[in-house]
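So you can see what is in the structure, the chains are spelled out below.
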Amino acid sequence: MRITVIGSGNVATHLAAAFKNAGHRITQVYSRNLQHAALLAYHVGAEAVDQLNNIHAETDLLLIAIKDDAIIDVAEQVKDLNIPIVHTSGAVSLTDLSVVVCSAGVFYPLQTFSKSRETDFRQVPVCIEADTPALAETLTQLAQTVSNYVYQVTSEQRKMLHLSAVFACNFPNYLYHVAQQLMAQQGLNFDMLRPLIAETAAKVQNSLPAQVQTGPAIRQDEGTMAAHLQLLHEQPQLQQLYKLLSQGIIKMK
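This one's a predicted model, so the numbers in the text were calculated from it and none came from an experiment.

A.B. asks: Can you help me understand unusual backbone geometry in this one?
C.D. replies: Phi is mostly negative for residues that are not glycine, and the peptide bonds are mostly trans. Look at Asn82: it is not a glycine, yet its phi comes out positive at around 55°. With a phi close to 55°, Gln220 is a non-glycine residue in the positive phi region. Along the polypeptide, Gln220 turns up in the loop between α8 (216-219) and α9 (222-231). The exposure class of Gln220 is partly exposed, given its relative accessible area of 39%.

A.B. asks: What is the right way to read the pairing of strand β2 (residues 25-30) from this model?
C.D. replies: Each regular strand displays side chains that alternate between the two surfaces of the sheet. Where burial is concerned, most of β2 is hidden: five out of the six residues are buried. Bridge count for strand β1 (residues 2-6) against β2 is five bridges, and the pairing is parallel. Paired with Val5 across the strands is Val29, a residue of β2. Note: β2 against strand β3 (residues 47-49), three bridges, orientation parallel. Residue pairing in the sheet places Tyr30 in a bridge with Val49 of β3.

A.B. asks: How should helix α6 (residues 155-184) be read in this particular structure?
C.D. replies: Along an α-helix, residues three or four apart share an orientation, since each turn contains 3.6 residues. Over its 30 residues, α6 runs 42 Å from end to end, which matches the ideal 44 Å to within 8%, given 1.5 Å per residue. Val166 marks where α6 bends most, by close to 35°. Every buried residue of α6 is listed here: Ser155, Arg158, Val166, Val178 and Met183. Of the surrounding elements, those touching the buried residues of α6 are β5 (85-87), α4 (94-98), β6 (104-109), β7 (126-130) and α10 (236-250).

A.B. asks: Explain the pattern of salt bridges to me, please; I cannot follow it from the model alone.
C.D. replies: As a working rule, side chains carrying opposite charge can pair if their charged atoms are close by. Scanning the entire structure with this criterion turns up four salt bridges. Notably, a salt bridge pairs Arg2 with Asp60, separated by 3.2 Å at the nearest N-O pair. Here Arg2 is found in strand β1, whereas its partner Asp60 is found in the loop between β3 and β4 (61-64), with 58 residues between them in sequence. With a shortest N-O distance of 3.2 Å, Lys79 and Glu76 are connected by a salt bridge.

A.B. asks: What should I look at first to understand helix α5 (residues 133-144) in this one?
C.D. replies: Look at α5: 16 Å from first C-alpha to last across 12 residues, which is about the 16 Å you get at 1.5 Å a residue. Those residues of α5 that fall on the buried side of the exposure criterion are Leu135, Ala136, Leu139, Thr140, Leu142 and Ala143. Buried residues of α5 fall within an arc of 165° about the axis and therefore sit on the same side. In α5, the exposed positions angled more than 90 degrees off the buried face are occupied by Pro133 and Ala134.

A.B. asks: Mind showing me how you'd approach the packing of aromatic side chains here?
C.D. replies: How two aromatic rings sit relative to each other is given by the distance of their centres and the angle of their planes. Counting across every chain of the model gives three aromatic pairs. On the basis of an interplanar angle of 65° and a centroid distance of 5.6 Å, the ring pair of Phe19 and Phe107 is categorised as edge-to-face. Taken together, the residues span a long stretch of sequence, with Phe19 in helix α1 (residues 10-21) and Phe107 in strand β6 at a distance of 88 residues. With respect to class, Phe19 is no different from Phe107; both count as buried. Ring geometry for Phe113 versus Phe121: centroids 5.8 Å apart, planes at 10°, classification stacked.

A.B. asks: When you look at the sheet that holds β3 in this model, what are you seeing that I'm missing?
C.D. replies: Hydrogen bonding along the main chain pairs the strands of a sheet, whether they run parallel or antiparallel. What the eight strands build is an open sheet, ordered β3-β2-β1-β4-β5-β6-β7-β8; its pairing is mixed. In this open sheet, the two edge strands, each paired with only one partner strand, are β3 and β8 (150-152). Across this sheet, the average inter-strand angle for adjacent strands is 25°, counted without regard to direction. Those strands touched by α1 are β1, β2, β4 and β6, and its axis lies near 95° from that of β6. Across the sheet, α6 is in contact with β5, β6, β7 and β8; its angle to β6 comes to roughly 25°.

Parameters at a glance
- Residues numbered from 1 in each chain as written.
- Predicted model: local features only at pLDDT ≥ 70, side-chain atom pairs only at ≥ 80, totals over all residues.
- Heavy atoms only, no water.
- Helix = DSSP H or I, 4+ residues; strand = E, 2+ residues; numbered from the N terminus.
- Buried < 20%, exposed > 50% of the residue type's maximum accessible area, 1.4 Å probe, protein only.
- Pairing = 2+ DSSP bridges.
- Expected span 1.5 Å × (residues − 1).
- Bend = angle between axes of the 7 residues up to and from the residue.
- Contact = heavy atoms within 4.5 Å.
- Salt bridge = Lys/Arg side-chain N within 4 Å of Asp/Glu carboxyl O.
- Arc of directions from axis to C-beta.
- Phe/Tyr/Trp six-rings, centres within 6.5 Å; stacked < 30°, edge-to-face > 60°.
- Axes fitted to C-alpha atoms, helices over the stretch in contact; angles between N-to-C directions.

In structure tokens, the structure reads:
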């Protein structure tokens, strides 16, 4: 397929590379920052543009991979191209896009991406939704060229999936940051926790989270939890967070 990518961030970068590696042609890359567009365009053999009115219709699909709040505004500006337009968001419904453009879809890769880290895209689940069966089939076939895991997911399902991903990915990463800061107070290196983090993640690959929960809360070790709270006496927000998470863990039993 010929694909035009709007965006040059983490998702756009990994998707464009995956499409190119699968034999598709990236025709143009748009970014408000021409330098950013040019960098991605260079790697995927595309034309870089920084004006939406410079995007042409000589493409089979227009992929919007930008922040959620800007998707519909951008779609409004390119709708007259009369080509299928899809977004990559986990939180924006298909309806929001389909009321704006003539042919709308969703191509949502369920993964956390960083430009500096390679990802095996064949292992990334891709969630597909479209406003017509024909476009749904086109997007499914496209997804199958880059991923081994392709799912038909409704907007409501995708929103809950996105929320679940926040709990499974974004919040734990914040807690890693909290842990790193607490260790730094005693001159300890975060590297000491990396094997623990890796083992915890490995366990849930084959078991449900409730089956492998450990720690003082699941044991209801009141003395240890009280000691932990005392260590946080100068950080009341973390105390509240500790209490809330501990209560949730206790209720898992």
